Amino acid sequence: MTIYINNYSIVSPLGYGVAETRKNLFSGVSPGMMKTEKYSPGRSLFLGLVNDQLPDLSLAPIKHRSRNNQLLLAALQEIEDSFYLLSSGIDKSRIAIVIGSSTSGISGEEDAFPYLLENNTFPETFDLAQRLFCSPANFLADRLGVTGIVHGISTACTSSAKAITSGARLLKSGMADLVIAGGVDTLCKFTVAGFTAIESVSADRCNPLSLNRSGINIGEGSALFLMSRQPGDISLSGWGESSDGHHISAPDPSGLGASLAVNNALKMSVKGIDQVEYINLHGTATRHNDAMESQLISKLGFKCPVSSTKPLTGHTLGAAGAIEAVVSCLTLAGDGQLPPHIWDEVQDPELPKLNIAGKHASPPKVVMTNNFAFGGNNTSLILEAV
């Protein structure tokens, strides 16, 4: 059974919507990547921000009023017409929604709890339900009247990639006929402080694979997919998942769990390593991740072009898998251009030299996108032009 992607949307530091994202992606331009102290008072950091005006939720139920859901609604609006067209004739109980997020509405708490300490009550605009990991999925379900399977996934940086695979399994099993899957994450001081505490944040633009890499740039954004068994231009032909539990934050340097995810994706898609024409790396620009991932790509024998797009989006954490899956879809639907790898071109001699993406002779037909998370959680997706 083939799982098709019928439409997709994105809002991120790269741009608001698919058209702007496509233009900026292949030009290597990202208007939302900038230095700011907004989320780290007293310390200027390079972050990936969505500075566009977001949809208003002031009239929504209080439990749905969060910046996270505003970002999600911005992505939904781009595919809402497609949703109603595809869902025509489908019972709402046969439609599923699966959304990944690692912070959900935590940003709202950063104002709500100081208010509570001062006034002995939360502000009227705050509800603890805003920060639940199921909040984004519940918000979409309420807005669209969906009564089928609705749930959230929070597995750190693989959250939305796993939301996509979870949605695909619902379609394969016959438990749903149409799925909205994707992810959303919002910048907040809590996240920036946490990653700073483990010395993973770079003050400058991240520099994946470089000898001079010094950590991630945290970003925010949302991306959604309409998935079904109805034919479309792109298929999710394979996926692989593993959880090696190596360490709470560092990847297994041997890449054992990551290799399992990649190989399972290849097996499901019935593709050989030489058939993959482009890989979107997890590419965080941390010392450990880049070492593990580059060794993985080299040991498995991939010769195709690779790039990390995190210098253009920031590391959007729970939304990263979905955002980078959209990047992969745009690559399949393009004119042969591949997402550029933004770095200083200083090769780390301890890392194998990979085939850094440049101009492709023609649009690739098969691409892979990888995401790896805290706790040794690994996900690999293979997308294919139909």
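Predicted, not measured: the structure shown is a model, and the values here were computed from it.

With respect to the helices, strands and loops of the structure, D348 is situated in the loop between α10 (320-332) and β12 (366-373). D348 gets classed as buried once you look at its relative accessible area, which sits at 3%. At 2.9 Å, the side chain of D348 forms a polar contact with the backbone nitrogen of E350. Leaving out residues up to four positions away in the same chain, D348 has contacts with L209, S210, L211, R213 and R287.

Before going further, it helps to spend a moment on empty space enclosed by the protein. Overall, the coordinates contain 2 cavities of 30 Å³ or more when judged by the stated rule. Quantified by volume, the largest cavity comes out at close to 50 Å³. Here the element with the most residues in the lining of the largest cavity is helix α7 (residues 256-269); it accounts for 3 residues. Its residues assigned to classes, the lining of the largest cavity comprises 6 nonpolar, 4 polar and 2 charged. Roughly 30 Å³ of volume is contained in the second largest cavity.

Let us look at the pattern of salt bridges. With the rule as written, the count across this model stands at 14 salt bridges. R229 is the salt-bridge partner of D177, the closest N and O atoms lying 2.4 Å from each other. One end of the pair, D177, is in the loop between α5 (159-173) and β7 (178-185); the other, R229, is in the loop between β8 (221-228) and β9 (234-243), and 52 residues separate them in sequence. You can call R229 partly exposed: its relative accessible area is 28%. Salt-bridge contacts for E384 lead to K271; the nearest nitrogen and oxygen are separated by 3.1 Å. Here K271 lies in the loop between α7 and β10 (278-280) and E384 lies in strand β13 (residues 377-385), a separation of 113 residues in the sequence. Each member of the pair, E384 as well as K271, is classed as buried. Salt bridges here are not isolated pairs; linked through shared partners, they connect R213, R287, D290 and D348.

Further remarks concern the packing of aromatic side chains. This model, assessed by the stated rule, comprises 6 aromatic pairs. For the ring pair F113 and F122, a centre distance of 5.2 Å and an interplane angle of 85° mean the geometry is edge-to-face. Accessibility expressed as a relative area gives 34% for F113, which makes it partly exposed. The exposure class assigned to F122 is partly exposed, which follows from its relative accessible area of 26%. A connected cluster of aromatic rings, assembled from ring pairs, spans F113, F122 and F126. The ring of F133 is capped by R131, whose NZ or CZ atom sits 5.9 Å from the centre of that ring.

The subject of this paragraph is the nonpolar core. In this structure, I5, Y8, I164, F225, M227, L236 and L383 are the most contacted members of the largest nonpolar core, which totals 41 residues. For this core, the leading source of residues is α10, giving 8 residues. Aside from chain neighbours lying at most four places away, what touches Y8 is V18, I79, L224, F225, I234, V326, C329, L330 and A333. Membership of the second largest hydrophobic core comes to 27 residues, among which are L54, I95, A137 and V146.

Once that is clear, we can look at unusual backbone geometry. You will see that L317, though not glycine, has its phi angle at about 55°, which is positive. For L317, a relative accessible area of 4% gives the class buried.

Below, the discussion takes up helix α2 (residues 67-87). Residue I79 marks the point of greatest curvature in α2, where the axis turns by about 55°. Of the residues making up α2, those classed as buried are N68, N69, L71, L72, L73, A74, A75, L76, I79, E80, F83 and S87. Check the buried side of α2 and you find it contacts β1 (3-12), β2 (15-16), β5 (95-100), α4 (135-144), β7 and β8. Note on α2: the residue one or two positions beyond its end, G89, has a positive phi of about 90°.

The rules behind each value
- Residues numbered from 1 in each chain as written.
- Predicted model: local features only at pLDDT ≥ 70, side-chain atom pairs only at ≥ 80, totals over all residues.
- Heavy atoms only, no water.
- Helix = DSSP H or I, 4+ residues; strand = E, 2+ residues; numbered from the N terminus.
- Buried < 20%, exposed > 50% of the residue type's maximum accessible area, 1.4 Å probe, protein only.
- Polar contact = N/O pair within 3.5 Å; in protein donor to acceptor, adjacent residues only side chain to side chain.
- Contact = heavy atoms within 4.5 Å.
- 1 Å grid on protein atoms, 1.4 Å probe; cavity = no way out; pocket = protein on both sides within 12 Å on 5 of 7 lines; lining within 4 Å.
- Points joined across faces, edges and corners; volume = space filled by probe spheres on them.
- Nonpolar A, V, L, I, M, F, W, Y, C, P; charged D, E, K, R; others polar.
- Salt bridge = Lys/Arg side-chain N within 4 Å of Asp/Glu carboxyl O.
- Phe/Tyr/Trp six-rings, centres within 6.5 Å; stacked < 30°, edge-to-face > 60°.
- Lys NZ or Arg CZ within 6 Å of the ring centre and 35° of its normal.
- Core = buried A, V, L, I, M, F, W, Y, C linked by side-chain atoms within 4.5 Å.
- Bend = angle between axes of the 7 residues up to and from the residue.

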